[in-house]
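Each chain, written out:
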Amino acid sequence: MTIPFSESTVEQAALAWIESLGYSILHGPDIAYDQPSAERTDPNFRDVILAARLRAALGRLNAGLPGEAVEEAFRRLLGAVGPSLTERNRAMQRLLVEGVPVEYRRPDGSIAGSLVKVIDFEAPERNDWLAVNQFTVAEVQHQRRPHVVLFVNGLPLAVIELTSPTAENATIWSAYAQLQTYQAQ
């Protein structure tokens, strides 16, 4: 007896493999704004950062810093700036790797500066690893639902687009084209 391969079969196999790597797995519709286990804050699916997870991770990874410094880092991560998507991605990459530079007032009134760690590269187990399948994202007139989005500390860092292995037009190039559509929209 042969098992029929569908896109859903491939998605479930990919999620099982990702889970074996240490990721938690959630289903996108289960964390939507109006659900009991909601992790998203926008009913229109424009939010792509899981804010509560990001705040928790920043607090956990920077326990020695005052809350206002951690909150400033959170705000800066939400508002990465740049004239193009590529420049915004580069700016975000620097913050992820180097840390978010912040200033805060010490108890004696002086100003101190620090880097807020976003990802713990030395102790990866301290990070929050999450894979979400069917994660809907809407912007302007487009709504997209990638098969799997990988989050680290609430930040979406990778998108996995799957295709059915039995579909004649299923190639790496068709998946690549779909990802390019996501990027453009």
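Residues numbered from 1 in each chain as written. Predicted model: local features only at pLDDT ≥ 70, side-chain atom pairs only at ≥ 80, totals over all residues. Heavy atoms only, no water.

## So, the confidence of the model for the chain
Alright, step 1. Here the chain shows a mean pLDDT of 88. Residues at 70 or above account for 89%.
Alright, step 2. The weakest mean pLDDT in the chain belongs to helix H5 (residues 172-184) at 70; the strongest belongs to helix H2 (residues 51-61) at 97. (pLDDT = per-residue confidence, 0-100. Helix = DSSP H or I, 4+ residues; strand = E, 2+ residues; numbered from the N terminus.)

## Some remarks on the pairing of strand S3 (residues 111-116)
Alright, step 1. Inspection of the sheet shows strand S2 (residues 100-105) paired to S3 by 6 bridges, in the antiparallel sense. The residue bridging Arg105 from the neighbouring strand is Ile111, located in S3. (Pairing = 2+ DSSP bridges.)

## Brief notes about the sheet that holds strand S8 (residues 155-160)
Alright, step 1. The mixed open sheet is built from 4 strands, whose spatial order is S1-S4-S7-S8. The sheet is open, and its two edges are formed by strand S1 (24-27) and S8, each paired on a single side. This sheet shows a mean twist of 25° between the axes of neighbouring strands, independent of strand direction.
Alright, step 2. Taken together, the 4 bridges between S1 and strand S4 (residues 129-133) define a ladder with parallel strand orientation. Opposite Leu26, over in S4, you have Val132 as the bridge partner. (Axes fitted to C-alpha atoms, helices over the stretch in contact; angles between N-to-C directions.)

## A look at the packing of aromatic side chains
Alright, step 1. Tallied over the entire structure, the rule returns 2 aromatic pairs.
Alright, step 2. Pairing Tyr23 with Trp129 gives two aromatic rings, centres 5.4 Å apart and planes at 75°, and the pair type is edge-to-face. Remark: Trp129 occurs in strand S4 and Tyr23 occurs in the loop between helix H1 (7-20) and S1; sequence separation between them is 106 residues.
Alright, step 3. Here the aromatic rings of Phe135 and Phe151 are separated by 5.2 Å at their centres, their planes lie at 70°, and the arrangement is edge-to-face. Here Phe151 lies in strand S7 (residues 148-152) and Phe135 lies in the loop between S4 and strand S5 (137-139), a separation of 16 residues in the sequence. (Phe/Tyr/Trp six-rings, centres within 6.5 Å; stacked < 30°, edge-to-face > 60°.)

## What about helix H3 (residues 67-78)?
Alright, step 1. Under the 1.5 Å per step criterion, the end-to-end length of H3 is 17 Å for 12 residues, consistent within 8% with the ideal 16 Å.
Alright, step 2. What H3 keeps buried is the set Ala69, Val70, Ala73, Phe74 and Leu77. Down the axis of H3, the smallest arc covering the buried residues is 145°, so these residues share one side.
Alright, step 3. In this fold, the buried residues of H3 make contact with H2, helix H4 (85-98), S2 and S3. (Expected span 1.5 Å × (residues − 1). Buried < 20%, exposed > 50% of the residue type's maximum accessible area, 1.4 Å probe, protein only. Arc of directions from axis to C-beta. Contact = heavy atoms within 4.5 Å.)

## Some words on the pairing of S7
Alright, step 1. Counting buried residues along S7, 5 of its 5 residues qualify, which places the element largely inside the surrounding structure.
Alright, step 2. Side-chain alternation along S7 places Val148, Leu150 and Val152 on one buried face and Val149 and Phe151 on a second face that is also buried.
Alright, step 3. When S4 meets S7, the two strands line up antiparallel, connected through 5 bridges. By the bridge assignment, Val132 is partnered in S7 with Val149.
Alright, step 4. Direction of pairing for S7 relative to S8: antiparallel, over a ladder of 5 bridges. Within the sheet, the bridge partner assigned to Leu150 lies in S8 and is Ala158.
Alright, step 5. Taking the residues between adjacent antiparallel strands as the criterion, S7 and S8 are bridged by 2 residues, where Asn153 takes a positive phi near 55°.

## Looking at the environment of Leu77
Alright, step 1. Assignment of secondary structure puts Leu77 in helix H3.
Alright, step 2. When sequence neighbours within four positions are dropped, the list of residues in contact with Leu77 reads Ile49, Leu54, Leu58, Met92, Leu95, Val100 and Val118.

## Examining unusual backbone geometry
Alright, step 1. The backbone of Phe45 shows a phi angle near 65°, a positive value even though the residue is not glycine.
Alright, step 2. Despite not being glycine, Gln134 has its phi angle at roughly 55°, a positive value.
Alright, step 3. Checked against the element boundaries, Gln134 lands in the loop between S4 and S5.
Alright, step 4. A residue is classified by how much of its surface remains accessible, and Gln134, at 19% relative accessible area, is buried.

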